[in-house]
Amino acid sequence: MNSLYKRLAIPYQVWLVLLVFLPIMAILLIAISNLTTANFNLSDISFQLSHWNDLVENQSLVDGEYFNSYLTAFKNSFIYASITTLVSFIFGYFLAYQIKKSRIKNKFIILTIIILPMWSNLILRSEALRSVMLDNNIFKSIFGFDILPFSVGTPAAVLFGLIFTYMPFMILPVYTALEKIEVNLEEASLDLGLTPFKTFWKVVFPLSFKGVVSGSIMVFLPTFAGFAIPKILSNGNIVLIGNIIETKFTYNIYNVGSMLALLILILILGSILLLTRFDKEGETLL
Amino acid sequence: MTDRYSDYPVATLKEYGYRDYSKLKPVTRILKQVLSFVIFFGLYLSIIIIAIQSLNSSSVMSSFESISLKWYPNILQEDDLMTAIGATMIVSLIATALATILGTFFAIGLYAMSKKKRQQWMLLNNVPILNADIVTGFSLMLMFILVNTFIKTVFTSLPQAWSIFGLPTLVLAHLFFAIPFVILNVMPKLKETDPNLMDAALDLGVKPLKAIVKVLIPAIKAGVFAGMLLAFTMSIDDFVISFFNTGETFGMSFDNLSVWIYGVIGRRDLSPSVYAFSTLLTIFTLVALIGYELSKNRKGRVKIKK
Amino acid sequence: MKKLLLAVTLMMIAISAVSCSSGPTLRLLNWGEYLNDDVITRFEEEYGITIKQTIAASNELFYSKIISNTTAYDLVIPSDYMVEKMVEEELLLPLDYNQIPNRALVTYMDGVVEIYNQMTTTTLARTGHTVDYSEYAVPYFWGTYGIIYNNRVDGLEEALNQYGWEVFFNSTDYFPNASRAMYDVPQDAYATAMIYLGHSPNEYSATFLSDAQTVLEGANFSQWGDDQLKKDVEAGNLDMAFVYTGDFLDRLYIQLDEERTIEEITADFNIYIPDTTIVFIDNMVIPYTATNLDAAHKFINFLLDPEIMALNAESVGYAVPTNEAYDVIVSHIDDTDSFYHNWAYANLTYYNKNAEGTYYPLTSLPSDFVDDITSMIDVVKTSN
């Protein structure tokens, strides 16, 4: 390849450095400032660290127990993101595998069918799911029974929404990885006497693991930091860290919001490093 | 026969460790089909409900009254909704087009680098994809505010109403997360191409840019299209990043559909026409897709005849 | 690829062509669906000024849009406490009443005057300055908050009328099985708890904060939401929710459109407005970024016309601020057209200007206290 073409990437290199590092620096600076208004007048902003204490202190007496809402929210985020990732992996892998074995070979078609629901607004979709989880709902009024067995406000409701919203991000990388496995390998394994089940575990799955790691990260991160789905499907009762950040930004308490965002950013950069151990160029990311 | 050999220990297939699963096969096949169907149903459930709501004659969403198509023509009556749809389409189409073109060229540039360097840049390329929307949206807004202030201090003749917030900021913000998706899809295809292909073209005296357009791009077309589709999806679905970076340009509010919906439900009710529009968009895409697949199959058949 | 480029270029040309064709404009920053289309048409016809509306979902967003100066708006419609904050930070221009002749022809309702007085009082207590808010603001709509309830629950209506807030907050003694919901705005939740405790909702201290927390925890809310609350109560999926009275009227009007009678509807769900509750007022103000002051004043003047203000209220479920517009609305009580009759009836019943009560507008709290309130609400939410 002509090294002349390297120059094509220069604008993008500048763009990436500017738009990745500058905003992170801005978030960092605000996180250690006293900025609690949308007034970004530089002369009014000064250094402040006191709000960082809330991360460890912020303990309120609830029924005689000490309690920290930030840490609880982080814990919630972790639990919900983990379960969502695990279930998305089981279902998503299964579906990707079935698609691979089916006769549909046009990746463009598969891609479109998997991501088409995303063309409708996320709030509309979540509200729609919420509406059929209520006691009296449109589905019940037509068919006489409930389509979903759990009601709004329960962890199951939130998990259902998260899983089926983010599963496309699991299916696509896994499918990409599966697609690259040569059929000969599977046939050879079967010919050598391995059962179909063993062939899958010893040959197919390890080769698709790259896709599983990418998919897991693509599902875990937005679930961990997101706020719309838990807010709508939990009736506002399950608070993830994204919800707290959203509230702080909504009420212009930028320093606390940035502080929490910074912690998420560390998690994200960690994930990217993890990703590169399995997939050096993020090829299977989608 | 049986008497004669009955004394010999005969190993059954079972004793060889072979189990006959063939009887189970139809059962597992049905199970697999059912499970696939259930997963697809889960993925499309929200869309199905939106479609049902769009057909409800009553705007009370908890019960279905009778089937009515009135919300569909009503889309055209809702001026604000139409503006939002227009803004969404303008922003998403411009961002997708630019992201596809730029992303393809950037990917070629990155591909021309040494492996190690390329991997480092691809690492950075993942940041916009994986970063939390709220962090991206807020931090880009901060930067654009600075840029806006800077431009206005330098060009004092600009009218007070002038601002980069609106179409420019939205397109830039959407490019920020859309280009990486294009690059991610184009890069694997670039690796699949024969490296000699481009060298041969250049040796034959084709100009470098022309070589890309005429030789390389046709070879990576599938990746470019997949990237374009993903870029468009991310752009049309985006709420949080647009929310922070929206504004007015040419006297037109560029709030996209997501931002508009969020704003409307703040104090008033959403018209069911929004459901109608979502349903139309989904059906239109599905029909186009099926049509495309059918026409391709027909072409294929003609080829076989030849 | 070339076609794509061509399409983009054509689109850009089309957009700029559209933008060049327009004459004078009024850039209005407003809440969603908060201005009747008929009013827009009439204003544009009368003055030849095009209204460009941008919508935002919260007062904080109004504030950030103005302070970051991302777009120069000519007119904004923020609520009470945000007007206070904007005046305090000198973001608003004083109105020129010479350009608003209609102001002299109308009188503000007593409740509205009272809200403006309270705003002045709380501002004086907080900053030591006396501000006459009518110098900067003309009321647009106002309204109380109340408890929307599921009237299918036996005895709930009677209990609310008799015991008021107690029924809503004391979930151990009153209707322990009923589901309750709070508006998902931290300051609103804090304010209601303060009213229940018998304090002014605008006072704040660490003690008040922890008392409010105990009250909110005791209510055992099953839901924190905004627009869904009214629909959930309407559908019978929720029993009580603290909402804008206008939220209730929105649903009432929608059901009236579906040919149900007021009696049928209120048998399903209704709103209880406590004697002491919070109230909001949205105001037309001119931000310092305004470029078309003339259009902004014309719009304010136009809206003060009782007929226009009433017309605007036809599509919005909130209360008009002037006695004259109120009279226009309630004069329809004997109208044979059911829409106009019901509209007048609803205003007489739910926004009656002679209703006795103590209504508190919320004041602009210092940001570190807002931070504390949001954290407190997060604790209440995460701890159950």
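Parameters at a glance
Residues numbered from 1 in each chain as written. Chains lettered and ligands numbered in written order. Predicted model: local features only at pLDDT ≥ 70, side-chain atom pairs only at ≥ 80, totals over all residues. Heavy atoms only, no water. Helix = DSSP H or I, 4+ residues; strand = E, 2+ residues; numbered from the N terminus. Rg over C-alpha atoms; globule rule 2.2 N^0.38 Å. Buried < 20%, exposed > 50% of the residue type's maximum accessible area, 1.4 Å probe, protein only. Contact = heavy atoms within 4.5 Å. Buried area = accessible area lost by both parts, 1.4 Å probe. Salt bridge = Lys/Arg side-chain N within 4 Å of Asp/Glu carboxyl O. Polar contact = N/O pair within 3.5 Å; in protein donor to acceptor, adjacent residues only side chain to side chain. Nonpolar A, V, L, I, M, F, W, Y, C, P; charged D, E, K, R; others polar. 1 Å grid on protein atoms, 1.4 Å probe; cavity = no way out; pocket = protein on both sides within 12 Å on 5 of 7 lines; lining within 4 Å. Points joined across faces, edges and corners; volume = space filled by probe spheres on them. Pairing = 2+ DSSP bridges. Axes fitted to C-alpha atoms, helices over the stretch in contact; angles between N-to-C directions. Phe/Tyr/Trp six-rings, centres within 6.5 Å; stacked < 30°, edge-to-face > 60°. Lys NZ or Arg CZ within 6 Å of the ring centre and 35° of its normal. Domains from an automatic or database assignment. Core = buried A, V, L, I, M, F, W, Y, C linked by side-chain atoms within 4.5 Å.

**Some details on the overall build of chain C**
A count of helical and extended segments in chain C gives 17 helices and 12 strands. For 384 residues, the compact-globule formula gives about 21 Å, and the C-alpha radius of gyration of chain C, at 22 Å, lands near that figure. When the backbone C-alpha atoms are referred to their principal axes, chain C occupies close to 65 × 60 × 55 Å. By residue count, 61% of the 384 residues in chain C fall in the buried class.

**Details of the interface of chain B and chain A**
Of the residues lining the interface, 100 residues belong to chain B; the matching set on chain A comes to 87 residues. Roughly 8700 Å² of surface becomes buried between chain B and chain A when both sides are summed, with 79% attributable to carbon and sulfur atoms. Across the chain B-chain A interface, the total number found is 1 salt bridge. Scanning the region where chain B abuts chain A turns up 6 residue pairs in polar contact (both at pLDDT 80 or more). When residues of the side of chain B that touches chain A are assigned to their parent elements, the largest contribution, 16 residues, is made by helix α2 (residues 24–54) of chain B. The residue inventory of the side of chain B that touches chain A, partitioned by class, reads 74 nonpolar, 19 polar and 7 charged.

**Section: empty space enclosed by the protein**
A full pass over the atoms with the stated rule returns 7 cavities of 30 Å³ or more. Taken as a whole, the second largest cavity spans an internal volume of roughly 680 Å³. Along its surface, the second largest cavity is lined by 32 residues, and Tyr-166, Phe-169 and Pro-222 of chain A together with Asp-133 and Asp-237 of chain B are the ones closest to its centre. Looking at side-chain class alone, the lining of the second largest cavity contains 24 nonpolar, 4 polar and 4 charged residues.

**A few points about the sheet that holds strand β3 (residues 75–76) of chain C**
Residue and element names in this part refer to chain C. Ordered by their spatial adjacency, 3 strands build an open sheet running β2-β1-β3, and the pairing between neighbours is parallel. Looking at which strands have only one partner, the edges of the open sheet turn out to be β2 (50–55) and β3. When strand β1 (residues 25–30) meets β3, the two strands line up parallel, connected through 2 bridges. Residue pairing in the sheet places Leu-29 in a bridge with Val-76 of β3. Against the sheet, helix α2 (residues 37–47) makes contact with β1 and β2, and its axis sits at roughly 145° relative to β2, the strand it touches most. Here helix α13 (residues 293–304) sits on the sheet and contacts β1, β2 and β3; the angle it forms with β1, its principal contact strand, is near 60°.

**Observations concerning the packing of aromatic side chains**
Taken as a whole, this structure holds 62 aromatic pairs over all chains when the rule is applied. Aromatic pair Tyr-254 of chain A and Phe-138 of chain B: ring centres 4.8 Å apart, planes at 25°, arrangement stacked. One end of the pair, Tyr-254 of chain A, is in helix α13 (residues 254–278); the other, Phe-138 of chain B, is in helix α6 (residues 133–154), on a second chain. You'll find Tyr-254 of chain A and Phe-138 of chain B in the same group, each marked buried. Judged by centre distance (5.0 Å) and plane angle (80°), the rings of Tyr-140 of chain C and Phe-141 of chain C are edge-to-face. You'll find Tyr-140 of chain C and Phe-141 of chain C in the same group, each marked buried. The positively charged end of Lys-85 of chain C is found above the aromatic ring belonging to Tyr-63 of chain C, 4.8 Å away from the centroid.

**Considering the pairing of strand β6 (residues 180–183) of chain C**
Residues and elements named next belong to chain C. Examined bridge by bridge, β6 and strand β8 (residues 240–244) share 2 bridges and lie parallel to one another. Counterpart to Arg-180 in the pairing with β8 is Met-240. Pairing between β6 and strand β7 (residues 223–225): 3 bridges, direction parallel. Of the residues in β7, the one forming a bridge with Met-182 is Trp-224.

**Focus on the domain arrangement of chain A**
Residues and elements named next belong to chain A. Taken domain by domain, chain A holds domain 1 (8–34 + 41–48) and domain 2 (69–285). In this structure, domain 1 and domain 2 have C-alpha centres spaced 30 Å apart. With 8 residues of domain 1 at the contact, the number on the domain 2 side is 6 residues. Carbon and sulfur atoms supply 79% of the area buried between domain 1 and domain 2, which totals about 600 Å² over both sides. For domain 1, the biggest contributors to the area lost against domain 2 are Ile-24, Ile-27 and Ala-31; these three give 62% of the whole. There are 0 salt bridges connecting domain 1 and domain 2. On the surface where domain 1 and domain 2 come into contact, there are 1 residue pair in polar contact (both at pLDDT 80 or more). Taken together, the residues of the side of domain 1 that touches domain 2 break down into 5 nonpolar, 3 polar and no charged.

**Some details on the nonpolar core**
Ranked by internal contacts, the top residues of the largest apolar core, which has 330 residues, are Leu-260 of chain A, Trp-260 of chain B together with Leu-216 and Phe-299 of chain C. The element best represented in this core is helix α7 (residues 167–192) of chain B, accounting for 16 residues. Beyond its immediate sequence surroundings of up to four residues, Leu-216 of chain C is in contact with Phe-169, Met-182, Ala-189, Ala-193, Phe-221, Met-376, Ile-377 and Val-380 of chain C.

**With respect to the domain arrangement of chain C**
Residue and element names in this part refer to chain C. Parsing chain C into structural domains produces domain 1 (2–137 + 285–304) and domain 2 (143–278 + 359–383). A straight line from the C-alpha centre of domain 1 to that of domain 2 covers 30 Å. Every contact between the two is made by 9 residues of domain 1 and, on the other side, 7 residues of domain 2. For the pairing of domain 1 and domain 2, the buried interface totals around 730 Å² over both sides, and the portion due to carbon and sulfur atoms is 55%. When the buried area of domain 1 at its contact with domain 2 is split by residue, Tyr-81, Gln-118 and Arg-126 rank highest and sum to 56% of it. At the junction of domain 1 and domain 2, the tally comes to 0 salt bridges. Applying the counting criterion to the domain 1 and domain 2 interface returns 5 residue pairs in polar contact (both at pLDDT 80 or more). If you list the elements that add at least two residues to the side of domain 1 that touches domain 2, you get α4 (80–88) and α5 (110–127). In terms of residue count, the dominant contributor to the side of domain 1 that touches domain 2 is α5 (5 residues).

**Here we look at the pattern of salt bridges**
The tally for this structure, following the rule as stated, stands at 17 salt bridges over all chains. Arg-130 of chain A is paired through a salt bridge with Asp-232 of chain C; the nearest N and O atoms lie 2.5 Å apart. Of this pair, Arg-130 of chain A sits in helix α5 (residues 122–133) while Asp-232 of chain C sits in helix α10 (residues 227–234), each in a different chain. Like Asp-232 of chain C, Arg-130 of chain A is buried. A salt bridge links Arg-152 of chain C to Asp-268 of chain C, with the shortest nitrogen-to-oxygen separation between them at 3.6 Å. Residue Arg-152 of chain C is located in the loop between β5 (138–150) and α6 (156–163), and its partner Asp-268 of chain C is located in helix α12 (residues 262–268); the two are separated by 116 residues in the primary sequence. Overlapping salt bridges, with partners in common, bring together Arg-152, Arg-260, Glu-264 and Asp-268 of chain C in one network.

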